[in-house]
Amino acid sequence: MQHIVTLIPGDGIGPEVAKPTLKIIKAAGVNVQWETYLAGAEALKRHGTTIPKSLLDSFQKRRVALKGPVTTPVGEGFASVNVELRQTFDLYANLRPIKNLPGVRARYQGVDLIVVRENTEGQYSGIEHEVVPGVMESLKIITEKASTRIAKFAFEFARAHRRKKVAAIHKANIMKLTDGLFLDCARRAAADYRDIGFSDLIVDNACLQLVLDPLKLDVLLLENLYGDIVSDLAAGLVGGLGVVPGANLGDQHALFETVHGSAPDIKGKNIANPTAMILAAVMMLNHIGEKKAAQRISSALEAVLKKGERLTPDLGGSATTTKFAEAIIREIER
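First, a word on what this report is: a plain description of the structure on this page. Please read all numbers here as calculations on a predicted model, not as lab measurements. (Residues numbered from 1 in each chain as written. Predicted model: local features only at pLDDT ≥ 70, side-chain atom pairs only at ≥ 80, totals over all residues. Heavy atoms only, no water.)

### With respect to the side chain of Asn224
Thinking step 1. Here Asn224 is to be found in helix 8 (residues 224-237).
Thinking step 2. By relative accessible area, Asn224 is classed as buried at 2%.
Thinking step 3. A polar atom in the side chain of Asn224 sits 3.0 Å from the side chain of Arg117.
Thinking step 4. Once residues within four sequence positions are removed from consideration, Asn224 is found in contact with Arg117, Glu118, Asn119, Thr120, Glu121, Tyr124 and Ser125. (Helix = DSSP H or I, 4+ residues; strand = E, 2+ residues; numbered from the N terminus. Buried < 20%, exposed > 50% of the residue type's maximum accessible area, 1.4 Å probe, protein only. Polar contact = N/O pair within 3.5 Å; in protein donor to acceptor, adjacent residues only side chain to side chain. Contact = heavy atoms within 4.5 Å.)

Written out as structure tokens, the structure is:
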């Protein structure tokens, strides 16, 4: 069976981690036709827009996309490509599995968390304006509809994947209306999933508990901004953003991505770690029904990491991106 998938290689090291990932997918026996488009800074240079209409049309039609890192300027410049794609296609659920990989040094072992983040509203959506010179205002929009939808998503995911408990993360002690609504929606949803344990944590306490003992937590349910911060913190528990993938899911569309930056300082050096991109591809393959191929890739990646003979510099080795990917392909073809 042939799949047609939208590919967004991204900026910086994006193309360098995307290229070997496509080779690995092919080696696993999956027939994919890629529709490739620029986004972000490179697209702006060539097309005068950060998200060309051709990319939007492709994703609208194909409904599945794989994306590398896209640079977002800090404090100036164009708006986030990631946020725009999420809002345009109503990719309301950001799903990030946080799990130890064999051979990857980490502060903890045995971590197996799922971060579920509401993806369309809250402060992270960037609704801001200048009130008067020197005074800026950022609006935090929380709705019952979006909060209920993401809560149900978290519980449905927990049930489908045999997870034991969901914790809603909030700041309802201070933001009693917005975070209070989010928490209330989570509590009401929990009532329909009696087989799944439920608790809630204030966000600052949740960060503390993650650092003290992440093994106590399971599925974390967060609104948008908290989810972005906590998911990066959690990635630090298992080796960093270079070994963690992410998915943006809606009712009709799914976008799988790296969650690390574009690392322009190492662009073109062939030393970038493609693990996050490979794991994002594994999530994508599971989504499109290629579960056996996804397992082959996961097993091959873990075998290479465990052997430790062909690791990129960030993992403590000296192998190039190319050599690391070639080692994974050899494991797949065994």
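Moving on, there is more to tell.
### Quick word on the nonpolar core
Thinking step 1. If you look at the biggest cluster of nonpolar residues, it comprises 92 residues, and the most contacted ones within it are Leu221 and Phe256.
Thinking step 2. Per element, the largest residue contribution to this core is nine residues, and it comes from helix 9 (residues 275-287).
Thinking step 3. Those residues within four positions of Leu221 in sequence are excluded, and the remaining contacts are Val116, Ile150, Ala151, Ala154, Val166, Ala167, Ala168, Ile169, Phe182 and Ala186.
Thinking step 4. Counting twelve residues, the second-largest nonpolar core is a separate cluster that includes Leu55, Ala65, Phe89 and Leu255. (Core = buried A, V, L, I, M, F, W, Y, C linked by side-chain atoms within 4.5 Å.)

### Considerations on the sheet that holds strand 2 (residues 31-36)
Thinking step 1. Reading across the sheet, the ten strands line up as 2-1-3-12-11-4-5-10-8-9 and stay open at both edges, with mixed pairing between neighbours. The sheet is open, and its two edges are formed by strand 2 and strand 9 (197-202), each paired on a single side. Strand-to-strand twist across the sheet, computed as the mean angle between neighbouring axes with direction ignored, equals 25°.
Thinking step 2. Examined bridge by bridge, strand 3 (residues 64-67) and strand 12 (residues 254-258) share four bridges and lie parallel to one another. Note on strand 12: the bridge partner recorded for Lys67 is Glu257.
Thinking step 3. Running over the sheet, helix 3 (residues 53-62) touches strand 1 (2-8), strand 2, strand 3 and strand 12 and is turned about 145° from strand 1. (Pairing = 2+ DSSP bridges. Axes fitted to C-alpha atoms, helices over the stretch in contact; angles between N-to-C directions.)

### Digging into the environment of Glu144
Thinking step 1. Examined against the element boundaries, Glu144 turns out to sit in helix 5 (residues 144-160).
Thinking step 2. Relative accessible area serves as the criterion here: at 43%, Glu144 is assigned to the partly exposed category.
Thinking step 3. The spacing of Glu144 and Thr178 is 34 residues in sequence and 9.6 Å in space, taken between C-alpha atoms.
Thinking step 4. There is a polar contact of 3.2 Å between the side chain of Glu144 and the side chain of Arg188.

### Some details on a nonpolar patch on the surface
Thinking step 1. A surface patch of nonpolar side chains, amounting to about 210 Å² of accessible area, comprises Ile127, Leu139 and Ile141.
Thinking step 2. Positionally, Leu139 belongs in the loop between strand 7 (135-138) and helix 5. (Patch = residues over 30% accessible without salt bridge, like charges linked within 9 Å, V, L, I, M, F, W, Y side chains within 5 Å. Areas by Shrake-Rupley, 256 points an atom, 1.4 Å probe, with all protein chains shown as cover. Salt bridge = Lys/Arg side-chain N within 4 Å of Asp/Glu carboxyl O.)

### Let's talk about the pattern of salt bridges
Thinking step 1. Inspection of the entire model under this criterion finds 20 salt bridges.
Thinking step 2. Between Arg86 and Glu257 there is a salt bridge, with the nearest N and O atoms lying 3.3 Å from each other. On the criterion of sequence distance, the pair formed by Arg86 in helix 4 (residues 81-88) and Glu257 in strand 12 is long-range, its members being 171 residues apart.
Thinking step 3. Using a relative accessible area of 5% as the deciding quantity, one classes Arg86 as buried.
Thinking step 4. Here Asp90 ties to Arg149 by a salt bridge, and the two come within 2.9 Å at their closest N and O atoms. Of this pair, Asp90 sits in the loop between helix 4 and strand 4 (93-99) while Arg149 sits in helix 5; the two residues are 59 residues apart in sequence, bridging distant segments of the chain.
Thinking step 5. The network of salt bridges with common partners includes Lys67, Arg86 and Glu257.

### A short note on unusual backbone geometry
Thinking step 1. One non-glycine residue, Ala263, lies in positive phi territory at about 45°.
Thinking step 2. Within the element layout of this structure, Ala263 appears in the loop between strand 12 and helix 9.
Thinking step 3. Note on Ala263: relative accessible area 22%, which makes it partly exposed.
Thinking step 4. A positive phi angle, near 60°, is found at Asn270, a position not held by glycine.
Thinking step 5. Note that Asn270 resides in the loop between strand 12 and helix 9.
Thinking step 6. Exposure remark for Asn270: the relative accessible area of 28% places this residue in the partly exposed category.

### Let's talk about the environment of Gly317
Thinking step 1. In this structure, Gly317 sits in the loop between helix 10 (291-307) and helix 11 (321-332).
Thinking step 2. Judged by its relative accessible area of 28%, Gly317 falls in the partly exposed class.
Thinking step 3. Here the alpha-carbon distance between Gly317 and Gly250, two residues 67 residues apart in the chain, equals 38 Å.

Treat this as a map of the structure, not an account of what it does.
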